[in-house]
Amino acid sequence: MSDLRELYQEVILDHAKHPRNFHAMPDSVRAADGHNPLCGDRLKVFVQVEDGVIRDISFTGSGCAISTASASMMTEALKGKSLLEEEAIFKSFHDLLTTGSHATEDEELLGKLEVFGGVREFPVRVKCATLAWHTLQAALKGSAEPVKTE
Amino acid sequence: MAVKSMKSARNRGEVVVSSSAFSPDDIRGDFPILQTTVHGKRLAYLDNAATSQKPQAVIAAMTRYYNSQNANIHRGVYELSMEATAAYEAARDRVRQFINAADSREVVFVRGATEAINLVATSWGQANVRTGDEIILSTLEHHSNIVPWQMLADRAGVKLRVIPINEAGELCMEEYEKLLSPRTRLVAITHVSNALGTITPVQRMVRMAHAAGALALVDGAQSVPHLPIDVRDIDCDFFVFSGHKICGPTGIGVLYGRQAILQAMPPYQGGGDMIETVSFAKTTYAPVPQKFEAGTPNISGALGLAAALDYVCGIGMDRIGSYEHQLLRYAQEKLSQVKGLKIVGTAAEKAAVISFVLSCAHPHDVGTILDGQGVAIRTGHHCCQPVMDHYGIPATARVSLAFYNTREDVDQLVQGLQTVKEVLG
């Protein structure tokens, strides 16, 4: 039960139930589809970049609590960030979920995203938490292939 | 017979037939894994449609083979090899008896139901279908009874037609009737849906296929653990199943095929054991079933499967079926009392499978939280994406029961769902 509470923290549940930036954007904006075949989660991430800065970011789709909350909190964390910062935050987030090792500077980078640290104890759920992030990478690279996390 | 002596007899692989009412308490001790705990909790294993647990008798049969019988089959002139050959062929005959085939040569050992279907699609398909021919499947099919036919469709230009399902998850028989035509070469249908538990009217469907001049393949992966099987009664041309879903080991399964049809089919894989004579000028093939068993087969798996069939027959497939049905009713009743829970698939004829969705939680979250309570269920699309699409959902949580499950397992599940609601609600 304590592990479960660690996984499903209040802030995660809040974002899962009330996802932020949960809407589509016009076709002119970069977008990519993400799919987790294991659980059927499907997301679409929209990102508007100007002068190397993420001006706007949003998502649509359906997924489990972890993937929805991760997508929602990702959009909040990255809006207004430069692509360089985005890269650093993604790396810290990935490390948090996979190795659990992170330095103090990572904590600053991650901010609220630290709540996903509990996912590390549930290896099959790591892909849920990273789906939106991988999809964002595809949108930024302009990849036409849907992202799969399996 | 006293419980203890019955148990030891079962563990020796003897058939113990009893007419008394079945109680899982008498046999749970036969399954070592059911005595274990998960996350410090009693294990409620409710993912039997994915794979069943193994009784000691099966584990012992495989250990006995490796300890005292191990040799390659069909070639040695020495005692051990002859013994292993006899045991392997006895296992084949055990399967024949279990599905009531006419001849043990109609039983081909394969890796599982998936390989059996691939064998038919490749070998029978190559020899028998042409551009413009049609193969009928149903929406209920597992991906393993879809993809091999799509691969054949790509190779041979054959068209796949799909029998739709109604809201309850039953096949629309009038649509099936309309799909049948002189172009139909084969009807390949599941006997029991792994995602919904629907039991399909295979006998009638086979009769209709034959009337249209087509052959019929029945995917028995999910029916064999729950229903007595008589391939002559079903009258199908092919019947496939996997050993591991009926208390046997993984990596062994069965393709049953009518002898004349198997004989006329070209080989599936080439290699040792499937030939009569080999020269660079010409190779002649062994008769069935050896023609389809290239290379050293899964000998210990076949022996384990035979032990598993002995074990379930010792209890009796009828008793297993009626007990599971009672437990299914109990589980459906208990689950329908859970607020916000919707059962997906409500066919009148159902095997012990319940798919459901919870309004407050995604199936994946349900699965993770239940795991923390020692409850093992399956979540996802269950290799049945067309079924999920039919209901417009990405996934379900699925409970699948076996005869060793108890009301306590179901209660633990329902209790676990309360925890899901507490955490996510």
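Quick caveat, the model's predicted, so the values are computed rather than measured.

Notes on the overall build of chain B
Summing up its helical and strand segments, chain B has 14 helices and 17 strands in all. By the compact-globule yardstick of 22 Å for 425 residues, chain B fits well, its C-alpha radius of gyration being 22 Å. The principal-axis extent of the C-alpha atoms belonging to chain B is close to 75 × 55 × 35 Å. With 425 residues in all, chain B has 52% of them scored as buried. Sequence-distant contacts in chain B: of pairs separated by 6 or more residues, those separated by 24 or more amount to 70%.

Description of the overall build of chain A
What chain A contains, in helices and strands, is six helices and four strands. When its helices and strands are written in sequence order, chain A yields α-α-β-β-β-α-α-α-α-β. Against the compact-globule benchmark of 15 Å for 150 residues, chain A has a radius of gyration of 14 Å, which places it among compact chains. By its C-alpha atoms, chain A is 45 × 35 × 25 Å across when sized along the principal axes. For chain A, buried positions account for 45% of its 150 residues. Within chain A, counting contacts between residues at least 6 apart in sequence, those at least 24 apart form 62% of the total.

Points about the interface of chain B and chain A
At the junction of the two partners, chain B supplies 14 residues and chain A supplies 17 residues. With five residues, helix α12 (residues 363–372) of chain B is the single largest residue contributor to the side of chain B that touches chain A.

Description of the sheet that holds strand β7 (residues 184–190) of chain B
Note: strands within a sheet are paired through backbone hydrogen bonds, in either parallel or antiparallel orientation. All names here are of chain B. One open sheet holds the seven strands; their spatial order is β4-β10-β9-β8-β7-β5-β6, and the pairing between them is mixed. Here the strands that pair on one side only, and so sit at the sheet edges, are β4 (107–110) and β6 (159–163). Between one strand and the next, the sheet's axes are offset by a mean angle of 20°, whatever the strand orientation. The sheet contact formed by β7 and strand β8 (residues 215–219) spans five bridges and is parallel. Its bridge partner lying in β8, Ala-188 is registered against Leu-217. Across the sheet, helix α5 (residues 147–156) lies against β5 (134–138), β6 and β7, angled at about 150° from β6, the strand it touches most.

Here's the deal with α5(B)
Residue and element names in this part refer to chain B. For α5, every residue scored as buried is listed here: Pro-148, Trp-149 and Leu-152. One side of α5 holds all its buried residues, which, seen down the axis, span an arc of 95°. Residues of α5 that are buried in the fold lie against α4 (113–128), β5, β6 and β7. Looking one or two places after α5, you find Gly-157, whose phi comes out positive at around 70°.

Digging into the sheet that holds strand β14 (residues 353–358) of chain B
All names here are of chain B. Spatial ordering of the open sheet is given by β13-β14-β17-β16, a layout of four strands whose pairing is antiparallel. Edge positions in the open sheet fall to β13 (341–344) and β16 (378–380), since each of these has one partner strand only. Looking at each pair of strands side by side, their axes are set apart by 30° on average, direction ignored. Looking at chain direction, β14 and strand β17 (residues 396–400) are connected through four bridges and run antiparallel. Bridge pairing links Phe-356 to Ala-397 in β17.

Looking at the packing of helix α2 (residues 56–69) of chain B against helix α10 (residues 299–315) of chain B
Residues and elements named next belong to chain B. One can describe the packing of α2 onto α10 by two numbers: an axis separation of 8 Å at closest approach and a directional angle of 145°. Crossing handedness for the pair α2 and α10: right-handed. Side by side, α2 and α10 meet where Ala-57, Val-58, Ala-61, Met-62, Tyr-65 and Tyr-66 of the first sit next to Ile-299, Ser-300, Leu-303, Gly-304, Ala-307, Ala-308 and Tyr-311 of the second. In terms of residue class, the contact of α2 with α10 is built from eleven nonpolar, two polar and no charged.

Re the domain arrangement of chain B
All names here are of chain B. Here chain B is described as being made up of domain 1 (3–54 + 316–424) and domain 2 (60–313). Between the C-alpha centres of domain 1 and domain 2 there is a distance of 27 Å. Among the elements that take part in the side of domain 1 that touches domain 2, helix α11 (residues 317–336) stands out by supplying five residues, more than any other. Of the residues in the side of domain 1 that touches domain 2, the class split is 15 nonpolar, eleven polar and seven charged.

A few points about unusual backbone geometry
That bond from Val288(B) to Pro289(B) is cis: its omega, 5°, falls within 30 degrees of zero. The phi torsion at Asp51(A) lies on the positive side, around 50°, for a residue other than glycine. Considering the arrangement of structural elements, one finds Asp51(A) in the loop between β2 (41–50) and β3 (53–62). A positive phi angle, close to 50°, is found at His39(B), a residue other than glycine. Mapped onto the secondary structure, His39(B) falls in the loop between β1 (37–38) and β2 (41–42).

Considering the environment of Pro146(A)
All names here are of chain A. Locating Pro-146 in the fold gives a position in the loop between α6 (126–141) and β4 (147–148). The class for Pro-146 is partly exposed, based on 13 C-beta atoms found within 10 Å. Sequence separation between Pro-146 and Leu-43 is 103 residues, and the spatial gap between their C-alpha atoms is 9.9 Å. When residues no more than four places from it in sequence are discounted, the contact partners of Pro-146 are Asp-33, Gly-34 and His-35.

A closer look at the packing of helix α2 (residues 10–17) of chain A against helix α3 (residues 65–78) of chain A
Residues and elements named next belong to chain A. Contact geometry for α2 and α3: axes closest at 8 Å, N-to-C directions at 85°. Classified by the angle between their axes, α2 and α3 sit roughly perpendicular to one another. On the side of α2, the interface is formed by Ile-12, Leu-13, His-15 and Ala-16, while α3 contributes Ala-65, Thr-68, Ala-69, Ser-72 and Met-73.

Remarks on the confidence of the model for chain B
Residues and elements named next belong to chain B. Averaged over chain B, the pLDDT score is 94; the fraction of residues at 70 or greater is 96%. Between residues 1–5, whose pLDDT stays under 50, and residues either more than four places distant or in other chains, the model counts four contacts. What the predictor reports for the complex is a pTM of 0.92 with an ipTM of 0.87.

Observations regarding the nonpolar core
The biggest cluster of nonpolar side chains holds 171 residues, and the ones touching the most others in it are Val45(A), Ala216(B), Cys236(B), Val254(B) and Leu255(B). When we break this core down by domain, the ones giving at least three residues each are domain 1 (3–54 + 316–424) and domain 2 (60–313) of chain B.

Comments concerning the pairing of β14(B)
Residues and elements named next belong to chain B. The buried count for β14 comes to five of six residues, which makes it a mostly enclosed element. By the bridge criterion, four bridges tie β13 to β14 in an arrangement that is antiparallel. When the sheet's bridge partners are listed, Val-344 is paired in β14 with Ser-355.

Quick look at α4(B)
All names here are of chain B. Taking 1.5 Å of rise per residue, 16 residues should cover 22 Å, and α4 covers 21 Å from first to last C-alpha, within 8% of that figure. Of all 16 residues that make up α4, twelve are buried, and the element is covered over most of its length. Taken together, the buried positions of α4 are Ala-113, Thr-114, Glu-115, Ala-116, Ile-117, Asn-118, Leu-119, Val-120, Ala-121, Ser-123, Trp-124 and Gly-125.

Quick notes on the rules
- Residues numbered from 1 in each chain as written.
- Chains lettered and ligands numbered in written order.
- Predicted model: local features only at pLDDT ≥ 70, side-chain atom pairs only at ≥ 80, totals over all residues.
- Helix = DSSP H or I, 4+ residues; strand = E, 2+ residues; numbered from the N terminus.
- Rg over C-alpha atoms; globule rule 2.2 N^0.38 Å.
- Buried ≥ 20, exposed ≤ 12 C-beta atoms within 10 Å, placed from the backbone.
- Contact = placed C-beta atoms within 7 Å.
- Pairing = 2+ DSSP bridges.
- Axes fitted to C-alpha atoms, helices over the stretch in contact; angles between N-to-C directions.
- Arc of directions from axis to C-beta.
- Left-handed = near helix turned anticlockwise from the far one by under 90°.
- Nonpolar A, V, L, I, M, F, W, Y, C, P; charged D, E, K, R; others polar.
- Domains from an automatic or database assignment.
- Parallel < 35°, antiparallel > 145°, perpendicular 65-115°, else oblique.
- pLDDT = per-residue confidence, 0-100.
- Core = buried A, V, L, I, M, F, W, Y, C linked by C-beta atoms within 7 Å.
- Expected span 1.5 Å × (residues − 1).

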